[in-house]
Amino acid sequence: MENSTTVISREELEELQEAFNKIDTDNSGYVSDYELQDLFKEASLPLPGYKVREIVEKILAVADSNKDGKISFEEFVSVNFLFSEEEKVAFVNWVNKALEDDPDCKHLLPMNPNDGSLFKSLADGILLCKMINLSEPDTIDERAINKKKLTPFTISENLNLALNSASAIGCTVVNIGAQDLKEGKPHLVLGLLWQIIKVGLLADIELSRNEALIALLREGEDLEELMKLSPEDLLLRWVNYHLTNAGWRTIRNFSQDIKDSRAYFHLLNQIAPKGDQGGGPAITIDLSGFNEKNDLKRAGFMLQEADKLGCKQFVTPEDVVSGNPKLNLAFVANLFNTYPCLHKPDNSIDVNLLEGESKEERTFRNWMNSLGVNPYINHLYSDLADALVVFQLYEMIRVPVDWSQVNKPPYSALGGNMKKIENCNYAVELGKNKAKFSLVGIAGQDLNEGNPTLTLALVWQLMRRYTLNVLSDLGEGEKVNDEIIIKWVNQTLKSAKKNTSISSFKDKSISTSLPVLDLIDAIAPNAVRQEMIKRENLSEEDKLNNAKYAISIARKIGAQIYALPDDLVEVKPKMVMTVFACLMGKGLNRIK
């Protein structure tokens, strides 16, 4: 990546992000101007002092618009580095292939990977909505997407729908607005598109969705350990499983260790169909390119073989040789999804232990990830075991954290868990004393061990406070509770001459979604198309269709809703409360 300031590779950029997180000790998402010098040192970027000063001056002049000396990583990157041309090409090719048969995308596809058409094509929101549904089916109700005779207003609605839906599937959309996408700001567009694609690529690399992954258990390891691994770690282990079977050395990453393509040759040879056990006709991998002296040519030969499996997407020979970690991860994930080549284990393992996460757990996890917590939460319980993410959430709900009391990773093998428990004890103490949460009978140990009921009790109160804070900000700091929300909902419905109302968040009429749809109509007239709603003699399917439509339309008018359609149909009071609270926020915002 190159521009007038400096040249930096994607690998270095990833290092820079890590370094930024280390310098940003209070996890605020910002570093101060005087810390930028340390940032470059931490990232081991070989830049002379004058070059660093030059960059610092440029950032302060361009990014630090309010002159408070605080710079976010986004600002830092947007000022200093161009976007990755390789990623743009890879994503364009992937979207072209994924949506080639979609009639609603005919006016946009195929895009040209060699110009800026990606940024123009995503600007009306249709492609983004379609990509979200590809990655997490049924997230967006197609009836909510504006597809014809688009105007600036209906385009903004599509982009709000895409952004709020991306947020609901766990993409970080902090600091990205509809206007950024409309203008096609390259680094923001590519960052969001990568997150959406990655959700889809990694969705099935999880034990509860794919029992065959048990084959990756190591000698003496229990199933629980394997279940704690992130999809990226499982993918690495999958590659090494096949490399070991091939008698080749294992790899530790998708950058440095794959640059010579040799591991890929062996992987392809292991997973290619052999023509037995009904797996389709055999595909022979030609290994003659393995001994090619030139790295780039060798990568080219390897990708010709990947093409035989229909899996050469995401990388070019140059991306392999440069070790682009993002694109190589995508390449390998696509290989896994197409040819996992794992055999279900024998019956000595109890597959009943492989219960997947509940919808409630997934909603909480996606909520945290959308706020940009670090590290990313793959598994709700094990990833909260050191409470670091909980502390970040406390700060987001304005409960001050004394970071000098917090133990930070890496944790030693000896005594490391004690450090995590100390963190969890402090997290519970903050909840009881500072946040005034109801945490009766909850100890740090429960959070550390991932007790589902008690962990969810804390996480729910964090999410509830976060939602209510947004509301009280809009109401000039007035304290908001359930009664105030219900009263506001009913008054708004009555003023709009609607026949619906709710008595509580447990009101059975909510299962029809009619109070939600009527409230949306009252806040944003014309957003709801009445012919899409079924109002009488509702079957369970009608209720679900109403709920899907209600949640998509709510997101389309700008409400950041994490609840699922099932939460409305089953009238889950906690999630129902968040839906009405977010709509109240939207309603108050309109009035201001």
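Residues numbered from 1 in each chain as written. Predicted model: local features only at pLDDT ≥ 70, side-chain atom pairs only at ≥ 80, totals over all residues. Heavy atoms only, no water.

A.B. asks: Which parts of the structure should I look at to understand the overall build of the protein chain?
C.D. replies: If you tally the helices and strands in the protein chain, you get 26 helices and 2 strands. Going through the 592 residues of the protein chain one by one, you find that 53% of them count as buried. A separation threshold of at least 6 residues defines the contact pool for the protein chain, and within that pool the share at least 24 residues apart is 61%. When the accessible surface of the protein chain is split by element, carbon and sulfur atoms take 50% of a total near 27200 Å². (Helix = DSSP H or I, 4+ residues; strand = E, 2+ residues; numbered from the N terminus. Buried < 20%, exposed > 50% of the residue type's maximum accessible area, 1.4 Å probe, protein only. Contact = heavy atoms within 4.5 Å. Areas by Shrake-Rupley, 256 points an atom, 1.4 Å probe, with all protein chains shown as cover.)

A.B. asks: What is the right way to look at the packing of helix α7 (residues 126-135) against helix α10 (residues 186-202) in this model?
C.D. replies: Two quantities define a packed helix pair, namely the angle between the helix axes and the distance between the axes. Closest axis-to-axis distance for the α7/α10 pair is 7 Å, and the angle between their directions is 25°. On the basis of their axis angle, the class for α7 and α10 is roughly parallel. Residue-level inspection shows L128, M131, I132 and S135 of α7 in contact with α10, the latter providing L192, L193, I196, I197, V199 and G200. Per-class residue counts for the contact of α7 with α10 are 8 nonpolar, 2 polar and no charged. (Axes fitted to C-alpha atoms, helices over the stretch in contact; angles between N-to-C directions. Parallel < 35°, antiparallel > 145°, perpendicular 65-115°, else oblique. Nonpolar A, V, L, I, M, F, W, Y, C, P; charged D, E, K, R; others polar.)

A.B. asks: Would you take a moment to explain the packing of helix α8 (residues 152-168) against helix α24 (residues 540-556) for this structure?
C.D. replies: Relative orientation of the contacting elements α8 and α24 amounts to 115°, with a least axis distance of 7 Å. Viewed along their axes, α8 and α24 adopt a mutual orientation that is roughly perpendicular. In this structure, α8 contributes E157, N160, L161, N164, S165 and A168 to the contact, and α24 contributes S552, R555 and K556. For the contact of α8 with α24, a count of residues per class yields 2 nonpolar, 4 polar and 3 charged.

A.B. asks: Just checking my understanding: could you explain the layout of surface pockets for this structure?
C.D. replies: If a probe the size of a water molecule is rolled over the atoms, the empty space left behind becomes visible. A volume near 520 Å³ is recorded for the second largest pocket. Residues of the lining of the second largest pocket, tallied by class, amount to 14 nonpolar, 9 polar and 1 charged. (1 Å grid on protein atoms, 1.4 Å probe; cavity = no way out; pocket = protein on both sides within 12 Å on 5 of 7 lines; lining within 4 Å. Points joined across faces, edges and corners; volume = space filled by probe spheres on them.)

A.B. asks: So what exactly am I meant to see when it comes to the pattern of salt bridges here?
C.D. replies: Any two side chains of opposite charge can pair, given that their charged atoms come close. Following the criterion strictly, the structure yields 31 salt bridges and no others. A salt bridge links K185 to E183; the shortest N-O distance between them is 3.9 Å. Among the residues examined, E183 registers a relative accessible area of 47% and is labelled partly exposed. A single salt-bridge network, built from bridges that share partners, covers D102, D104, K130, E142 and K147. (Salt bridge = Lys/Arg side-chain N within 4 Å of Asp/Glu carboxyl O.)

A.B. asks: Before we go on, may I ask you to explain the packing of aromatic side chains in this structure?
C.D. replies: Both the distance between ring centres and the angle between the ring planes are used here to describe each pair of aromatic rings. Scanning the model with the defined rule gives 11 aromatic pairs in all. Centroid distance W94 to F314: 4.6 Å. Interplanar angle 35°. Geometry classified as tilted. Remark: F314 occurs in the loop between α14 (295-308) and α15 (317-322) and W94 occurs in helix α5 (residues 85-98); sequence separation between them is 220 residues. A relative accessible area of 6% means that F314 is categorised as buried. Ring geometry for Y264 versus F331: centroids 5.0 Å apart, planes at 70°, classification edge-to-face. Here Y264 is found in helix α13 (residues 262-271), whereas its partner F331 is found in helix α16 (residues 325-338), with 67 residues between them in sequence. Taken individually, Y264 and F331 each receive the classification buried, so the pair is uniform in this respect. Site record: aromatic cluster; members linked through ring pairs are W248, F265 and F290. Its end group placed over the ring of F290, R262 keeps NZ or CZ at 5.3 Å from the ring centre. (Phe/Tyr/Trp six-rings, centres within 6.5 Å; stacked < 30°, edge-to-face > 60°. Lys NZ or Arg CZ within 6 Å of the ring centre and 35° of its normal.)

A.B. asks: Teacher, can you tell me more about the side chain of D386 here?
C.D. replies: Relative to the helices and strands, D386 resides in the loop between α17 (359-370) and α18 (388-396). The residues contacting D386, other than those within four sequence positions of it, are Y411, K420, N423 and C424.

A.B. asks: Just checking my understanding: could you explain the nonpolar core for this structure?
C.D. replies: Across soluble globular proteins, nonpolar side chains show a tendency to be buried alongside one another. Counting residues in each nonpolar core, the largest one holds 174 residues, and the members touching the most others are W238, F391, Y394 and I485. Per-element accounting of this core gives the leading share, 11 residues, to α10. The residues contacting W238, other than those within four sequence positions of it, are L216, L267, I271, V332, L335, F336, Y339, P340 and L342. Formed by 7 residues, the second largest nonpolar core is a distinct cluster that contains A19, F20, I23 and V31. (Core = buried A, V, L, I, M, F, W, Y, C linked by side-chain atoms within 4.5 Å.)

Purely geometric numbers; function is a separate question.
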